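Topology and contacts: notes
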Amino acid sequence: MRRIWILLLLMLLVSVSLAEETPYLEWSNDYLRIFVTKTEQEMGRFAIDTTLGDHSRDDDNNKPLIYGHPVPWTSYTTFRVDGVDYVFGGPTERRAGAGGVFGSVISPPHLEGEEIVTTFLYEGIQVEQRIGVCINPYSGWSDTARIRYRIKNTDMEPKNIGLRIVLDTMLGSNDGAPFRVGGDNIANPTSLNQARLPDVWQAFDSLSAPSVIAQGILKGYGVSPPDRVTFIDWGTAADHLWDLVWEEGQDFTRAGEFEPDTAIALYWEPSPTAPGATREFTILYGLGGVTMAPGASFLGM
């Protein structure tokens, strides 16, 4: 009998050890699943999948909206401080953000309520990333991820602080997911300033017969409207920490390779931030389409 109890105890310890070594943290509901990397390399990077997706149909179940599950690394966030480009989270030796300056971890990814929170410290700057799920104002369902950054100037001097978020879009099996903005298909790298920003942008696994649809909200509902957004191939976004350059007529083929691979970069230009002050940036990204919760009011697309 004692041997059985010892064996059971050993199995429990092994199970706990394996759970502790899981390289990612996950949170999900009936619509979305969020993954955040826990390893030292690329700590804090995230990906988003559907779970049941749009409950009115089954063809978008368990499909990616952002590339990279279960251990993400291709979507990444840069913040520019007095002209220096820092990359949020753990260091990387891979393509996305490899040339950036990295900081030290204050708190690794952990759950606070229904948000996955990660905090890093840089030279006089503290950056907190919070990712959770919120109600989509267009559908009334909890099918949208809210991604927030709180950047605090802990230095004694004012600093110019800006932010860029790169989302490596992947819809279902389509890593070159096409974009649509204001009813127009985006077939080539395109940059829009704030005056030209629509309320939402969308990405699809297929324009002709879509089964997986994603939507990013750019205005209202607690969102921080970016100063500009750029639709680009992922390779160019991975290789450049801030400004992106492309040739006239270029398509979304991944820079240096041969496969289509789309991404979006959202920018908030540097602005003065006083000592002790905190700037907060929020984006919403989740399911698209127009299936609505009972009693919800359609707010327009």
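In this report, the structure presented in the accompanying data block is examined. What you are looking at is a predicted structure, and each value in this text was computed from that prediction instead of being measured.

The sheet built from three strands is open, its strands ordered β1-β2-β3 with antiparallel pairing. Edge positions in the open sheet fall to β1 (24–28) and β3 (46–50), since each of these has one partner strand only. Each neighbouring strand pair of the sheet contributes to a mean axis angle of 20 degrees, computed without reference to strand direction. With five bridges connecting them, β1 and strand β2 (residues 32–37) associate as antiparallel partners. Pairing of Tyr-24 across the sheet is with Thr-37, part of β2.

Glancing now at unusual backbone geometry. The amide bond that connects His-69 to the next residue, Pro-70, takes the cis arrangement and shows omega of 0 degrees. With respect to the helices and strands, the residue Pro-70 is situated in the loop between β3 and β4 (76–81). Here the phi dihedral of Glu-42 falls at roughly 60 degrees; this positive angle occurs in a residue that is not glycine. Looking at Glu-42, the relative accessible area reads 5%, which means it is buried.

As summarised here, the arrangement of the six strands in space is β5-β4-β10-β17-β16-β13, forming an open sheet in which the pairing is antiparallel. The open sheet is flanked by β5 (84–87) and β13 (190–193), the only strands paired with a single partner. In this sheet, adjacent strand axes meet at a mean angle of 20 degrees when their direction is disregarded.

Rules of the game
Residues numbered from 1 in each chain as written. Predicted model: local features only at pLDDT ≥ 70, side-chain atom pairs only at ≥ 80, totals over all residues. Heavy atoms only, no water. Pairing = 2+ DSSP bridges. Helix = DSSP H or I, 4+ residues; strand = E, 2+ residues; numbered from the N terminus. Axes fitted to C-alpha atoms, helices over the stretch in contact; angles between N-to-C directions. Buried < 20%, exposed > 50% of the residue type's maximum accessible area, 1.4 Å probe, protein only.

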